[in-house]
Structures are given as structure tokens and as C-alpha cells.
Amino acid sequence: RTFRVDLDRSTLKPLWRNLTQAQARYKVIVAPGKEASETWHHGERGQNSTIAIFDTGLRSNHPHFPKQPDERINWTSERTLADTFGHGTFIASVVAGISEECPGFAPSSSLRIHKVFTNQQVSYTSWFLDAFNYLLYKGDVDVINLSVGGP
């Protein structure tokens, strides 16, 4: 798949944020908040989809998630599913949150949380591979969100 980005930005309409032209074309996909609400008005709420999130876990009893995820697995050496760092909880909110402060794009989806980072942001390739192999074995996930980065 390819897409074209025009270098001439004179035809761009100003948006609420400084977006590139490519992002402006796909604003419903790239920016959380009001854009997620727009997808909801079109009937898109992630129905019949299963999304796995590989991150630092999910905070228990978070107000953006009135129902618990369908699956929570800890692949790390920590003895807790809790996300005290917060990144996994934030990503899960962008994907499936239901609050007005951070509406998710797919709140009706089936959510699977896989903790592959400790609360000190430590991870090993083997933890990711174990989680990937598990999902491949089950074979019922439509989307995997993997947040990795570093220097």
C-alpha cells in the first residue's frame, strides 16, 4: 500500500492541532478525543473485533473501563498485573476507553491486555515472543498494539 503526500500545503485547512497533510487526510485515525466520537456517530465502535495490547498492563478499576478486559496476562518477572507506570492504561484508553475525557476508538471491542513491560519499563524479547506465540496459537485476535521504543 502506498499513499502520496503533497508538498504544497497551501490548500490545507487549519485544524485544532498542527498536523501534517497526511495526518489531516486521516484525522479520524491519528488523533484521540473528538475524532473517536465521530467514528461512534457512524456506528463504528469496534464491534466483533478483538484487540490485544502489549504494554505495561492495565490499572485495576480504572474509570475508563467499567468492564474488565476479556484477558489479562503477565509475561514479565513481576508478580502483579497492575500498571503503576501508566502507559499501558493510557494506550488501552485510546483503544477502548469509554469516558468523555479519553474516548476510545473501539469501546465495544474485546480487549486483551498482555503485560510485556515491567513497571520499571524493562522487557525482554522472550516475553514478547511468548505473548506473540500465545496469540498465534489462539488465532482469534484481529489487532495487536505493540508500544516499543527507545534511544
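Remember, predicted model here, so these are calculated numbers, not experimental data.

A. Looking closely at the nonpolar core. If you look at the biggest cluster of nonpolar residues, it comprises 11 residues: Ile51, Ile53, Leu58, Phe65, Ile91, Ala92, Val95, Ala96, Ala106, Leu111 and Ile113. Those elements giving two or more residues to this core turn out to be strand S1 (50-55), helix H4 (87-96) and strand S3 (110-115). Sorting elements by how many residues they give to this core places H4 first, with 4 residues. Here valine 95 is in contact with Ile51, Ile53, Gly104, Phe105, Ala106, Pro107 and Leu111, once residues within four sequence places are set aside. Counting residues in hydrophobic clusters, the runner-up holds 10 residues, among them Val116, Phe117, Trp127 and Phe128.

B. Representation of the environment of proline 66 within the structure. Locating proline 66 in the fold gives a position in the loop between S1 and strand S2 (71-74). Exposure remark for proline 66: the relative accessible area of 67% places this residue in the exposed category. Spatially, the C-alpha atom of proline 66 lies 9.7 Å from that of serine 99, the residues being 33 residues apart in sequence.

C. Representation of unusual backbone geometry. Of note in this structure, asparagine 61 is not a glycine but carries a positive phi near 55 degrees. Along the chain, asparagine 61 falls in the loop between S1 and S2. Non-glycine residue glutamine 121 carries a positive phi angle of around 65 degrees. Relative to the helices and strands, glutamine 121 resides in the loop between S3 and helix H5 (125-138).

Here is what the cut-offs are and how they apply
- Residues numbered from 1 in each chain as written.
- Predicted model: local features only at pLDDT ≥ 70, side-chain atom pairs only at ≥ 80, totals over all residues.
- Heavy atoms only, no water.
- Core = buried A, V, L, I, M, F, W, Y, C linked by side-chain atoms within 4.5 Å.
- Buried < 20%, exposed > 50% of the residue type's maximum accessible area, 1.4 Å probe, protein only.
- Helix = DSSP H or I, 4+ residues; strand = E, 2+ residues; numbered from the N terminus.
- Contact = heavy atoms within 4.5 Å.

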